[in-house]
Amino acid sequence: MTTLFTTDHEWLRIEGDVATIGVTDYAQSQLGDVVFVELPKVGRSFKKAEAAAVVESVKAASDVYAPISGEVVEVNDALSSDPALVNSDAGGKAWFFKMKIADKSELAGLMDEAAYKKHTA
């Protein structure tokens, strides 16, 4: 299992040809208290960098982008009833959606954890 990061503060956990996607702890700390999460529909396909979900906090609403191209195969329904999970466990239970990876070469442009830490320093 590999974890990668985007400059837009999403993380991806790669397992085989599926990526689990969420927002980083840094992102949730910038957003403040999350009050609503809008998830994509299962079966929807996204191109890399296309807005796929929305997270709303007391401060602002932000798009969550598809970090790679692919098809949504599962969404985290727990976020609909408990959006505050994003604040308490951004890198774990608060994953947003899972995508079937369309083109593994797109992963090459993403950061590992060390590069992401430098990016947010």
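For the structure, see preceding data.
Notes on the structure follow. Predicted model only: the values in this text are computed from it and were never measured. (Residues numbered from 1 in each chain as written. Predicted model: local features only at pLDDT ≥ 70, side-chain atom pairs only at ≥ 80, totals over all residues. Heavy atoms only, no water.)

### Structural notes on the overall build of the chain
Move 1: Scanning the chain from N- to C-terminus turns up four helices and nine strands.
Move 2: Along its sequence from the N terminus, the chain presents helices and strands in the succession β-β-β-α-β-β-β-β-β-α-α-β-α.
Move 3: Relative to its length of 121 residues, the chain is compact, with a C-alpha radius of gyration of 13 Å against a globular reference of 14 Å.
Move 4: Along the three orthogonal principal directions, the C-alpha set of the chain runs to about 35 × 35 × 20 Å.
Move 5: In the chain, 59% of the contacts between residues at least 6 apart in sequence involve partners at least 24 apart.
Move 6: With the model as given, the accessible surface of the chain reaches about 6,200 Å², and the carbon-plus-sulfur share is 49%. (Helix = DSSP H or I, 4+ residues; strand = E, 2+ residues; numbered from the N terminus. Rg over C-alpha atoms; globule rule 2.2 N^0.38 Å. Contact = heavy atoms within 4.5 Å. Areas by Shrake-Rupley, 256 points an atom, 1.4 Å probe, with all protein chains shown as cover.)

### Re the environment of Val-23
Move 1: Along the chain, Val-23 falls in strand S3 (residues 18-23).
Move 2: A sequence separation of 69 residues divides Val-23 from Gly-92, and the C-alpha atoms of the two residues are 9.8 Å apart.
Move 3: Setting aside its immediate chain neighbours within four residues, Val-23 contacts His-9, Glu-10, Trp-11, Val-64, Val-86, Ala-90 and Phe-96.

### Let's talk about the packing of aromatic side chains
Move 1: Inspection of every chain in the model, using the stated rule, returns one aromatic pair.
Move 2: Between Phe-5 and Tyr-116 the ring centres are 4.8 Å apart and the planes differ by 15 degrees, which places this aromatic pair in the stacked class. Of the two residues, Phe-5 is situated in strand S1 (residues 2-5) and Tyr-116 in helix H4 (residues 113-120); the sequence distance between them amounts to 111 residues. In this pair, the class of Phe-5 matches that of Tyr-116, namely buried.
Move 3: Lying across the ring of Trp-11, Arg-13 places its NZ or CZ 4.1 Å from the centre.
Move 4: The ring of Trp-95 has Lys-98 sitting right over it, with the charged end atom 5.0 Å from the ring centre. (Phe/Tyr/Trp six-rings, centres within 6.5 Å; stacked < 30°, edge-to-face > 60°. Buried < 20%, exposed > 50% of the residue type's maximum accessible area, 1.4 Å probe, protein only. Lys NZ or Arg CZ within 6 Å of the ring centre and 35° of its normal.)

### A short note on unusual backbone geometry
Move 1: Although it is not a glycine, His-9 adopts a positive phi angle of roughly 75 degrees.
Move 2: Along the chain, the position of His-9 falls in the loop between S1 and strand S2 (10-15).
Move 3: Phi at Ala-49 is positive, roughly 80 degrees, even though this residue is not glycine.
Move 4: Within the secondary structure layout, Ala-49 lies in the loop between strand S5 (45-46) and strand S6 (51-57).
Move 5: Residue class for Ala-49 comes out exposed when judged on its relative accessible area of 53%.

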